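Residue-level listing of the chains:
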Amino acid sequence: MYLKLKQTGADMDTTTELEKYIDAGAAEIPADLVIENGTLINVDTAEYYRADVAIYKGRIVAVDKDVSDYVGEHTRHVDATDQYLAPGLIDGHIHVECSKMSMTRFARAVVPKGTTSIVSGLDEYISVIGLAGLDEIFAEIDQLPLKVFWGVPYKTPYTIPQSTVAYNVNAQDHQKFQPQERSYGVWETVREAVQTKDKDTLSAVLTAQKLHKPIFGCSPMAKGKDLNQFLMTRVRVDHESYSHEEFLEKARKGIHTIIRESSVTKFLAENVKAITEGAPGVARHTSFCTDDITARDILEKGHVDHLVRLAIKAGISPMTAIQMATLNSAEAYHIDDQVGSIAPGKEADILLIDQPGTFNIETVISKGVVVVERQAEQLEFVPPKRSVEITNSVKCAEITAESFKYQVDQPTGMATVRSIKSVGPFVRKSRKVDLKIKDGCILPDAKRDVALVSVVERYGINHQHSRGFISGWGLQSGAIATSASPDDNNIVVAGMDEADMALAVNELVKHGGGQVVVNKGEVLALLELPVAGIVTDLQPNELARKEVELKNAANQLGCKLPDPLFYLSFLPITAIPDLAITDGGNVDYTKLEYFDPILDLTK
């Protein structure tokens, strides 16, 4: 069946509904569900003790040693003997779309792993279908056993200089959407927008301050004066710390710090040192996020539950690690009145686990519904019918190999170029290298580890098409391409052969978006992403298999990066040092301006 569940808060829209909850709290209305004989993990008081829980219409109405007064003729009983009761887990910062799963399929993957709430801007959707298009996404979310606490993106696009997206979020949008019940703050305010005093960003921040809504920050590698400057906006949370020293400084300056452990940026082992080697008190204001995660990782390792186990292995006490995954995140985002602990009045998001120290999840209750019982799934997750607006978003004309040639004004000789060298999934440095010119075109060079790269505008707005060079990939032949590329989701393609690059892009256009690897005119692997050109309704296990196929195919081209398609998708992100490329051109983060990759031409 397709779940028909309401969004957080929707059941208390009327005083009549509230009266029923009050009566249920007084045991005057029988509970729908009771959990008995378990040991409560009380994250509010850091205690373990025996307790039963009663639930009525998705909310906890009692947490006591005995809830027999709440039991009626039709009350369902869940026996938690020899099990511990933990609050549902919260991912404090995630771009769901980067998982390449639709909301339904994402919920299907993470709720059985214990994640019952996430904080997200849904910004990748917005870049493609705009704020109005989110109505379709929210309608899908409302039917799922997963709560999404949405922050209005501070602005789109995020890129500086500005790249092309289908919809630009501005100050007027914040004045309209921030006061709405759906909005829980300002999503991912990047430091560069504050540094440059971007008017739309400053207006969004001021709107949030007046409404007493939190501002979510993104300030990688910010310390000292740079961090002080950023904090003048009253940013409340930040998920981007590349060292434990940076993490500790942010915590000491009042930020609710988030440890990020994504599929490609694994910072938990480093960041947790701010607690284990720095100041233990930091833990009380630290939470977790996965930011960008693949279906394969979720299925093989887990989601936020995996981070809890990693933290415990790193020396964090089980109680503290569970607080970080629940209450701390709820408090950071001002949603602790709804989620984050097991207490009367809170949403009935409860996990039955084996032991705090091992944290193996056996039963999941979300929104008062038993989703998983004794590790057996109880519900189906059926995607809704998709509209034409969301499935017809890639609007590019067929492209030719000629379009990808880097042409110059001399037939032969050498070109000294500035190549974008990847030294991590986000961090990219400048590399100076000499390349041959033949027939008026600069040639890629496998021996020198230089490939061609392009970003093609996919919305049919201005038909921009940038060109440049990348290093650190090890590509020997062929091409790889993706239309899922945060944060503007234009088509990014890299390769050693212009004809293969054209084939890769044309394949994605033909299928309405996706990721592809081609070689010598042949498609080696293809993942179709027809929903907004960025996600799919494939089952998570099927998607995970496709992810492996793409990685293996990229490896056949010589690429040895941990996740070539993820690295490729991140190339347009301009908010992290030093270089990037968008549909507008090659970007120097240190100057926040475009640069010409051609440094010199010699004969």
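For every chain, the first residue of its written sequence is number 1, and the numbers climb from 1 along that sequence. This being a predicted model, a pLDDT of at least 70 is required before a residue's local features are given, and a value of 80 or more before pairs of side-chain atoms are given or counted; all residues contribute to the totals for chains, interfaces and linings. Calculation of side-chain values draws on the structure's entire complement of heavy atoms; hydrogens and water are dropped beforehand.

## So, the overall build of the protein
Then comes step 1: Secondary structure elements are defined from DSSP: runs of H or I of at least 4 residues count as helices, runs of E of at least 2 residues count as strands, and each element is numbered from the N terminus. Check the secondary structure of the protein and you find 18 helices and 31 strands.
Then comes step 2: The atom set for the radius of gyration is the C-alpha atoms, and the globule formula is 2.2 Å times the number of residues raised to the power 0.38. Against the compact-globule benchmark of 25 Å for 603 residues, the protein has a radius of gyration of 25 Å, which places it among compact chains.
Then comes step 3: For the protein, the spread of C-alpha atoms along the three principal axes comes to 90 × 50 × 45 Å.
Then comes step 4: In this analysis, two residues are considered to be in contact whenever any of their non-hydrogen atoms come within 4.5 Å of each other. The long-range fraction of contacts in the protein, counting pairs at least 24 apart against all pairs at least 6 apart in sequence, stands at 69%.
Then comes step 5: Methods summary: accessible areas were calculated by the Shrake-Rupley approach with a probe of 1.4 Å, and residue burial reflects only the protein chains presented. As displayed, the protein has an accessible area near 21,900 Å², and 48% of this comes from carbon and sulfur atoms.
Then comes step 6: Between the averaged position of the 63 positive side-chain charges in the protein and that of its 83 negative side-chain charges there is a distance of 6 Å. Charged residues are defined narrowly, with Lys and Arg counted positive, Asp and Glu counted negative, and His plus the chain ends left uncounted. Note on charges: their place is set at NZ of Lys, CZ of Arg, CG of Asp or CD of Glu.

## Some remarks on the side chain of Ser 466
Then comes step 1: For Ser 466, the position within the fold is in strand E23 (residues 465-471).
Then comes step 2: Residue classification places Ser 466 among the buried positions, given a relative accessible area of 5%.
Then comes step 3: Here Ser 466 is in contact with Val 453, Ser 454, Val 455, Ile 581, Thr 582, Asp 583, Gly 584 and Gly 585, once residues within four sequence places are set aside. Buried residues are those whose accessible area, probed at 1.4 Å on protein chains only, stays under 20% of the maximum for their type, while exposed residues exceed 50% and partly exposed ones sit between those limits.

## So, the environment of Asp 226
Then comes step 1: Position of Asp 226 among the secondary structure elements: in helix H7 (residues 224-231).
Then comes step 2: On a C-alpha basis, the gap between Asp 226 and Arg 191 in space is 8.4 Å, while along the polypeptide they are 35 residues apart.

## Describing the sheet that holds strand E7 (residues 115-120)
Then comes step 1: At least two DSSP bridges between two strands are required for those strands to pair. Read across the open sheet, the 8 strands follow the order E6-E7-E8-E9-E10-E11-E12-E13; overall the sheet is parallel. Both outer strands of the open sheet, strand E6 (89-91) and strand E13 (286-289), are each paired with one neighbouring strand and no more.
Then comes step 2: To define axes, lines are fitted to C-alpha atoms, for helices over the stretch in contact only, and angles between the resulting N-to-C directions are given on a 0 to 180 degree scale. This element, helix H8 (residues 244-252), spans strand E11 (237-238), strand E12 (256-260) and E13 of the sheet and lies at about 155 degrees to E12.

## Topic: the nonpolar core
Then comes step 1: Here, the term nonpolar core denotes a set of buried Ala, Val, Leu, Ile, Met, Phe, Trp, Tyr and Cys residues that are joined through side-chain atoms within 4.5 Å. Formed by 141 residues in total, the largest nonpolar core has its most connected members in Met 103, Tyr 125, Phe 288 and Trp 473.
Then comes step 2: In this document the domain limits rely on a domain assignment from an automatic tool or a database. Two domains each donate at least three residues to this core, and these are domain 1 (88-340) and domain 2 (390-602).
Then comes step 3: Listed in part, the 30 residues of the second largest apolar core include Ile 437, Val 456, Ala 479 and Ala 481.

## So, helix H6 (residues 199-211)
Then comes step 1: Taking 1.5 Å of rise per residue, 13 residues should cover 18 Å, and H6 covers 18 Å from first to last C-alpha, within 8% of that figure.
Then comes step 2: The inward-facing, buried residues of H6 abut helix H4 (171-177), strand E9 (183-190), helix H5 (191-195) and strand E10 (215-218).
Then comes step 3: In protein, a polar contact means a hydrogen-donor-capable atom and an acceptor-capable atom, both N or O and within 3.5 Å, with residues adjacent in sequence counting only if both atoms are side-chain atoms; elsewhere, any N or O pair within 3.5 Å suffices. For H6, the N-terminal cap is Asp 198; the gap from its side-chain oxygen to the backbone nitrogen of Asp 200 is 3.4 Å.
Then comes step 4: Remark: His 212 follows H6 within two positions and exhibits a positive phi of approximately 60 degrees. By this rule the span expected of a helix is its residue count minus one, scaled by 1.5 Å.

## What about the UniProt feature "domain: Amidohydrolase-related" (unreviewed entry) in the protein?
Then comes step 1: UniProt positions are given in the numbering used here, feature names are shortened, and annotations may be inferred rather than shown by experiment. The UniProt feature table records "domain: Amidohydrolase-related" (unreviewed entry) at residues 84-371.
Then comes step 2: Along residues 84-371 one finds 39% helix and 19% strand; the C-alpha atoms at either end are 17 Å apart.

## Focus on the UniProt feature "domain: Adenine deaminase C-terminal" (unreviewed entry) in the protein
Then comes step 1: Sequence positions flagged by UniProt for "domain: Adenine deaminase C-terminal" (unreviewed entry) are, in local numbering, residues 428-591.
Then comes step 2: Span residues 428-591 is 23% helix and 35% strand, its end C-alpha atoms 14 Å apart.

## Let's talk about the domain arrangement of the protein
Then comes step 1: What the domain assignment lists for the protein is domain 1 (88-340) and domain 2 (390-602).
Then comes step 2: When domain 1 packs against domain 2, the two sides together hide about 3,700 Å² of surface, and 67% of this comes from carbon and sulfur.
Then comes step 3: Considering only the side of domain 1, the residues that lose the most area to domain 2 are Lys 100, Thr 164 and Val 264, jointly responsible for 20% of the buried surface there.
Then comes step 4: Here, a salt bridge means any Lys or Arg side-chain nitrogen found within 4 Å of an Asp or Glu carboxyl oxygen. Taken together, the links from domain 1 to domain 2 amount to 1 salt bridge.
Then comes step 5: For the side of domain 1 that touches domain 2, the secondary structure elements donating two or more residues are helix H2 (103-110), helix H3 (123-142), H5 and helix H11 (295-301).
Then comes step 6: Per-element tally for the side of domain 1 that touches domain 2: the top contributor is H3, with 8 residues.
Then comes step 7: Residue polarity follows a fixed list, in which Ala, Val, Leu, Ile, Met, Phe, Trp, Tyr, Cys and Pro are nonpolar, Asp, Glu, Lys and Arg are charged, and the others, Gly among them, are polar. For the side of domain 1 that touches domain 2, the per-class residue count stands at 20 nonpolar, 12 polar and 13 charged. Using a 1.4 Å probe, buried area is obtained as the accessible area two parts lose upon being combined, added over both of them.

## Overview of the environment of Asp 66
Then comes step 1: Its place among the elements puts Asp 66 in the loop between strand E3 (59-64) and strand E4 (76-79).
Then comes step 2: On the accessibility criterion, Asp 66 (52% relative accessible area) is exposed.
Then comes step 3: Counting along the chain gives 12 residues from Asp 66 to Ala 54, while the straight-line C-alpha distance between them is 9.6 Å.
Then comes step 4: Engagement of the side chain of Asp 66 in a polar contact is seen with the backbone nitrogen of Ser 68, the distance being 2.9 Å.

## Observations regarding unusual backbone geometry
Peptide bonds are, in most cases, trans, and in most cases residues other than glycine have a negative phi.
Then comes step 1: In this model, Ile 160 is joined to Pro 161 through a cis peptide bond whose omega is -5 degrees.
Then comes step 2: By secondary structure assignment, the location of Pro 161 is in the loop between strand E8 (147-153) and H4.
Then comes step 3: Following Pro 486, the chain continues to Asp 487 via a peptide bond in cis, the omega torsion being 15 degrees.
Then comes step 4: For Ala 46, which is not glycine, the phi torsion reads 55 degrees and is therefore positive.
Then comes step 5: Tracing the backbone through its elements, the reader meets Ala 46 in the loop between strand E1 (33-42) and strand E2 (47-56).
Then comes step 6: Taking relative accessible area as the criterion, Ala 46 reaches 42% and is therefore assigned partly exposed.
Then comes step 7: Residues other than glycine seldom take positive phi values, yet Lys 100 does so here, at roughly 70 degrees.
Then comes step 8: As for its placement among the helices and strands, Lys 100 is situated in the loop between E6 and H2.

## Some thoughts on the packing of helix H12 (residues 304-313) against helix H13 (residues 318-325)
Then comes step 1: Direction vectors running N to C along H12 and H13 enclose 150 degrees, while the axes themselves pass 9 Å from each other. Between H12 and H13 lies a crossing of right-handed hand. Contacts between H12 and H13 pair Val 304, Val 308, Ala 311 and Ile 312 from the former with Pro 318, Ala 321, Ile 322 and Ala 325 from the latter.
Then comes step 2: Along the lines of polarity and charge, the residues of the contact of H12 with H13 split into 8 nonpolar, no polar and no charged. Should the near helix be turned anticlockwise from the far one by less than a right angle, the crossing is left-handed, and should it be turned clockwise, the crossing is right-handed.

## Digging into helix H17 (residues 540-556)
Given 3.6 residues per turn, any residue in an α-helix points the same way as the ones three and four places further on.
Then comes step 1: With 17 residues, H17 extends 25 Å between its outermost C-alpha atoms, agreeing within 8% with the 24 Å of an ideal straight helix rising 1.5 Å per residue.
Then comes step 2: Within H17, burial applies to Pro 540, Leu 543, Ala 544, Glu 547, Leu 550, Ala 553 and Ala 554.
Then comes step 3: Summarising the contacts, the buried residues of H17 are in contact with H2, H11, strand E24 (479-482), strand E26 (514-519), strand E27 (522-528) and helix H18 (564-570).
Then comes step 4: Positive backbone phi, at 105 degrees, marks Gly 558, one or two positions downstream of H17.

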